[in-house]
Amino acid sequence: MDFKQTPANIVIFGGFGDLSWRKLIPAFYNLYIGGYMPDEFVIFAMDYKGLSDEAYDKHMLEGINSFSRNGKAKDADWNKFKDKLDYFQGDFSVPDTFPRLKAALEKNDKNWGVRGTRLFYYAVSPSFIQTITEGLAKYKMAGMVKKDRIVVEKPFGTDLTSAQALNRLLTKNFKEEQIYRIDHYLGKEVVQNILAFRFANNIFEPLWCNKYIDHVQITVAEEVSVGTRGKYYDNSGALRDMIQNHLLQILSVIAMERPCDYAAECIRDEKAKVLKSVSKISAPEVVRAQYTEGSVAGAPQIGYTDEANVAKNSKTETFAAMKLFIDNKRWKGVPFLLRTGKCMSQNSSLIMIQFKMTPHKIFKDDEVPNRLFISIQPNQTINLIVDGKIPGIHMRLKPVNMDFTYTDAFCEPSPEAYETLLLDVLEGDATLFIRSDQVEAAWKIVMPILDYWKTTSKGLKKYAAGTDGPKEADKLAKSNGVQWALTSPNEEALKCD
Ligand code: BG6
């Protein structure tokens, strides 16, 4: 039976939380109206409050209307979808919660006449993971390895030790193949396209190595502040919140070897090898900084330590920049520069690969290095900068832009990352999810930095909200003879004079 015909019980622990409101329910809704959901399914949104169904539905409709890429829900679609949404009052610490849930799942199975797929989504604070896992295990709700899937949101631990403990807990109660550790960056269209770009086009592969690549930059700059997330963020910081997961996952897709097949384990093996090959980072050289008062996109912005639920003397970084090396044959000696920050001048998730200059210069004009820009957001583009001859009698050079823009090249809209990933879970495809060894390898990379930062807050710098981080980050780039790129090439700059 294919997955469309297999009914599904979907349980969201934290069904009323922010993630459910902004991302999960809008994603399920879009999958539903796009015709991707199984023919029969129920979403149990578990929450402790005891809301009425009407109040729950109203809030979720607001979420869809505000955050769905398809805009406001059509009445007819919403009315059908809301029948699939089942608000389930349940407190994890109350003993009857899990037997009640089990009975509800079994009732659906009975009505369907078949044991359905089960998807358990942990959209909860990490402190609940143990209780939920033990509840599911005790009542044998996720015992069918091929049908039952556990989705775990980040943060996956707060350091290596806690991540290892979490892996032990999960793998003691479920099989690794049932566990889907989610990193929504891997569901983003352009990140997935890196695999196609690298492994379906033969022309880049020979150049993708230390002989031709000068350095690689990965930037995830955000305009948003920590806003209402102060409590979580102040215990986390940019290194844990963004670099340990999203940036290192992008790095592993950029740097991985060709997988044996387009298959989950082949891809995950190669990505894990990259993370395991990262050399120890020199912690004192890592730049960390906090935003101070300023203005972002024309609006005034308070400083980090004035945000709600942030300690006044907080030393948590909202910006981090670092250099690392991958110690293998392909990448030996190529610096990878990573940076991320909140309250920066603009939203931009960008990979920039700069190639080495031609070894033998024959033109009088300056040549620019070839640069490949892969923009994940806000634009979905790939640009290759090459030198070209300016039309005319004399030989003069100018950089030109070879441009691939998603919206020009494809008529199909890009799904939201969560749509792609949720559908993958329903289909049982773990390719875009993180395996236990990957998550631990990523923690091993950042641990020396976290350990060093615990010993001193001396290096913490400041940057005004709305700027691009502290000058120390520019110095880090400069000391490697490079400049940070924040956006894809500016068309204006490349136009004729
Ligand atoms: C989350 C982080 O994982 O990713 C947030 O916790 C961050 O702090 C967000 O803002 C960025 O995701 P996106 O998809 O908006 O780039």
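Conventions and cut-offs
Residues numbered from 1 in each chain as written. Predicted model: local features only at pLDDT ≥ 70, side-chain atom pairs only at ≥ 80, totals over all residues. Heavy atoms only, no water. Helix = DSSP H or I, 4+ residues; strand = E, 2+ residues; numbered from the N terminus. Rg over C-alpha atoms; globule rule 2.2 N^0.38 Å. Buried < 20%, exposed > 50% of the residue type's maximum accessible area, 1.4 Å probe, protein only. Lys, Arg positive; Asp, Glu negative; His and termini not counted. Charge placed at Lys NZ, Arg CZ, Asp CG, Glu CD. Pairing = 2+ DSSP bridges. Axes fitted to C-alpha atoms, helices over the stretch in contact; angles between N-to-C directions. Expected span 1.5 Å × (residues − 1). Contact = heavy atoms within 4.5 Å. 1 Å grid on protein atoms, 1.4 Å probe; cavity = no way out; pocket = protein on both sides within 12 Å on 5 of 7 lines; lining within 4 Å. Points joined across faces, edges and corners; volume = space filled by probe spheres on them. Near = heavy atom within 4 Å. Polar contact = N/O pair within 3.5 Å; in protein donor to acceptor, adjacent residues only side chain to side chain. Areas by Shrake-Rupley, 256 points an atom, 1.4 Å probe, with all protein chains shown as cover. Nonpolar A, V, L, I, M, F, W, Y, C, P; charged D, E, K, R; others polar. Parallel < 35°, antiparallel > 145°, perpendicular 65-115°, else oblique. Core = buried A, V, L, I, M, F, W, Y, C linked by side-chain atoms within 4.5 Å. Salt bridge = Lys/Arg side-chain N within 4 Å of Asp/Glu carboxyl O. Patch = residues over 30% accessible without salt bridge, like charges linked within 9 Å, V, L, I, M, F, W, Y side chains within 5 Å.

**Some remarks on the overall build of the chain**
Piece 1. When helices and strands are counted, the chain shows 15 helices and 17 strands.
Piece 2. In terms of overall size, the chain behaves like a compact globule, its C-alpha atoms giving a radius of gyration of 24 Å where 497 residues would be expected to give roughly 23 Å.
Piece 3. Dimensions of the chain along its principal axes, counting C-alpha atoms only, are 80 × 50 × 45 Å.
Piece 4. Among the 497 residues that make up the chain, the fraction classed as buried is 53%.
Piece 5. Charged side chains of the chain number 65 positive and 63 negative; the gap between the two group centres comes to 5 Å.

**Side note on the sheet that holds strand S15 (residues 381–389)**
Piece 1. Taken together, the nine strands give an open sheet; going across it, the order is S16-S15-S14-S13-S7-S12-S11-S8-S17, and neighbouring strands pair in mixed fashion. The sheet terminates laterally at strand S16 (397–405) and strand S17 (461–464), the two strands that pair on one side only. Going from strand to strand, the sheet's axes swing by 20° on average, the running direction of each strand aside.
Piece 2. Pairing analysis gives nine bridges linking S15 to S16, with the strands arranged antiparallel.

**A word on helix H6 (residues 160–173)**
In an α-helix, one full turn covers 3.6 residues, which means residues spaced three or four apart are oriented alike.
Piece 1. With 14 residues, H6 ought to run about 20 Å at 1.5 Å a step, and its terminal C-alpha atoms sit 20 Å apart, in line with that.
Piece 2. Among all positions in H6, only Leu160, Ala163, Leu166, Asn167, Leu169 and Leu170 are buried.
Piece 3. As for H6, its buried residues are in contact with strand S4 (117–122), helix H5 (129–138), strand S5 (148–152), strand S6 (179–181) and helix H13 (436–455).

**Remarks on empty space enclosed by the protein**
Piece 1. Throughout the structure, instances matching the rule amount to three cavities of 30 Å³ or more.
Piece 2. Volume-wise, the largest cavity comes out at about 100 Å³.
Piece 3. Taken together, 15 residues line the largest cavity, and the ones lying closest to its centre are Lys154, Phe156, Gln244, Asn245 and Val439.
Piece 4. Contributing elements (two or more residues each) for the lining of the largest cavity: helix H9 (238–255) and H13.

**What to know about the site of the ligand**
Piece 1. Close to the ligand lie Lys154, His184, Tyr185, Lys188, Glu222, Arg229, Asp241, Met242, His246, Lys342 and Gln377, which account for all nearby residues.
Piece 2. Lys154 has a polar side-chain atom sitting 2.8 Å from an oxygen atom of the ligand.
Piece 3. One of the side-chain N or O atoms of His184 is found 2.8 Å from an oxygen atom in the ligand.
Piece 4. Notes on the ligand: free accessible area 390 Å², of which the protein chains cover 79%.
Piece 5. At three residues, H9 tops the list of elements feeding residues into the shell around the ligand.
Piece 6. Here the residues of the shell around the ligand are counted per class, giving two nonpolar, three polar and six charged.

**Section: the environment of Glu257**
Piece 1. Relative to the helices and strands, Glu257 resides in the loop between H9 and helix H10 (264–276).
Piece 2. Taking relative accessible area as the criterion, Glu257 reaches 32% and is therefore assigned partly exposed.
Piece 3. Once residues within four sequence positions are removed from consideration, Glu257 is found in contact with Phe199, Glu270 and Arg330.
Piece 4. Separated by 2.7 Å, the side chains of Glu257 and Arg330 make a polar contact.

**Focus: the packing of helix H1 (residues 18–33) against helix H3 (residues 75–82)**
When two helices pack together, their arrangement is given by the angle between their axes and by how far apart the axes lie.
Piece 1. Remark: H1 packs on H3, axes separated minimally by 11 Å, with the N-to-C direction vectors making an angle of 110°. Classified by the angle their axes make, H1 and H3 are roughly perpendicular. Between H1 and H3, the residues in contact are Ile25, Phe28, Tyr29, Tyr32 and Ile33 and Asp77, Trp78, Lys80 and Phe81, respectively.
Piece 2. When its residues are assigned to classes, the contact of H1 with H3 shows seven nonpolar, no polar and two charged.

**Concerning the layout of surface pockets**
Piece 1. Size it by volume and the second largest pocket reaches roughly 360 Å³.
Piece 2. In this structure, the second largest pocket is lined by 17 residues; those nearest its centre are Phe355, Lys356, Met357, Thr358 and Asn370.
Piece 3. The residue makeup of the lining of the second largest pocket, split by class, is eleven nonpolar, two polar and four charged.

**Observations regarding the nonpolar core**
Piece 1. Phe13, Tyr122, Leu251 and Phe336 are the most contacted members of the largest nonpolar core, which has 151 residues in total.
Piece 2. The element contributing the most residues to this core is H9, with eleven residues.
Piece 3. Setting aside its immediate chain neighbours within four residues, Leu251 contacts Ile218, Val274, Leu275, Val278, Leu324, Ile326, Phe336 and Leu338.
Piece 4. If you look at the next biggest cluster of nonpolar residues, it comprises five residues, including Leu350, Phe373, Ile385 and Ala485.

**Things to note about the sheet that holds strand S3 (residues 85–89)**
Piece 1. Spatially, six strands are ordered S3-S2-S1-S4-S5-S6 in an open sheet, and the strand pairing comes out parallel. Because the sheet does not close on itself, it has two edges, and the strands there are S3 and S6. Recorded for the sheet is a direction-independent mean angle of 20° between the axes of neighbouring strands.
Piece 2. Relative to S4, strand S1 (residues 8–13) runs parallel, the two sharing six bridges. If you follow Phe13 over to S4, its bridge partner there is Tyr122.
Piece 3. Against the sheet, H1 engages S1, strand S2 (41–47), S3 and S4, with an angle of about 165° to S1.

**Examining the pattern of salt bridges**
Piece 1. Following the criterion strictly, the structure yields 28 salt bridges and no others.
Piece 2. Lys58 is the salt-bridge partner of Glu62, the closest N and O atoms lying 3.7 Å from each other. Of this pair, Glu62 and Lys58 both sit in helix H2 (residues 53–67), four residues apart, roughly one helical turn.
Piece 3. On the accessibility criterion, Glu62 (36% relative accessible area) is partly exposed.
Piece 4. A residue is classified by how much of its surface remains accessible, and Lys58, at 57% relative accessible area, is exposed.
Piece 5. Of the charged contacts in the structure, one is a salt bridge between Asp96 and Arg100, with a shortest N-O distance of 3.4 Å.
Piece 6. Using a relative accessible area of 37% as the deciding quantity, one classes Asp96 as partly exposed.
Piece 7. If you follow the salt bridges from partner to partner, you end up with Glu265, Arg268, Asp269, Lys276, Arg435 and Asp437 in one network.

**Digging into a nonpolar patch on the surface**
Piece 1. A cluster of nonpolar side chains, Ile362, Phe363 and Met395, forms an exposed patch at the surface whose accessible area comes to about 300 Å².
Piece 2. Along the chain, Met395 turns up in the loop between S15 and S16.
Piece 3. Classification of Met395 as partly exposed rests on a relative accessible area of 45%.

Keep in mind these values describe shape, not function.
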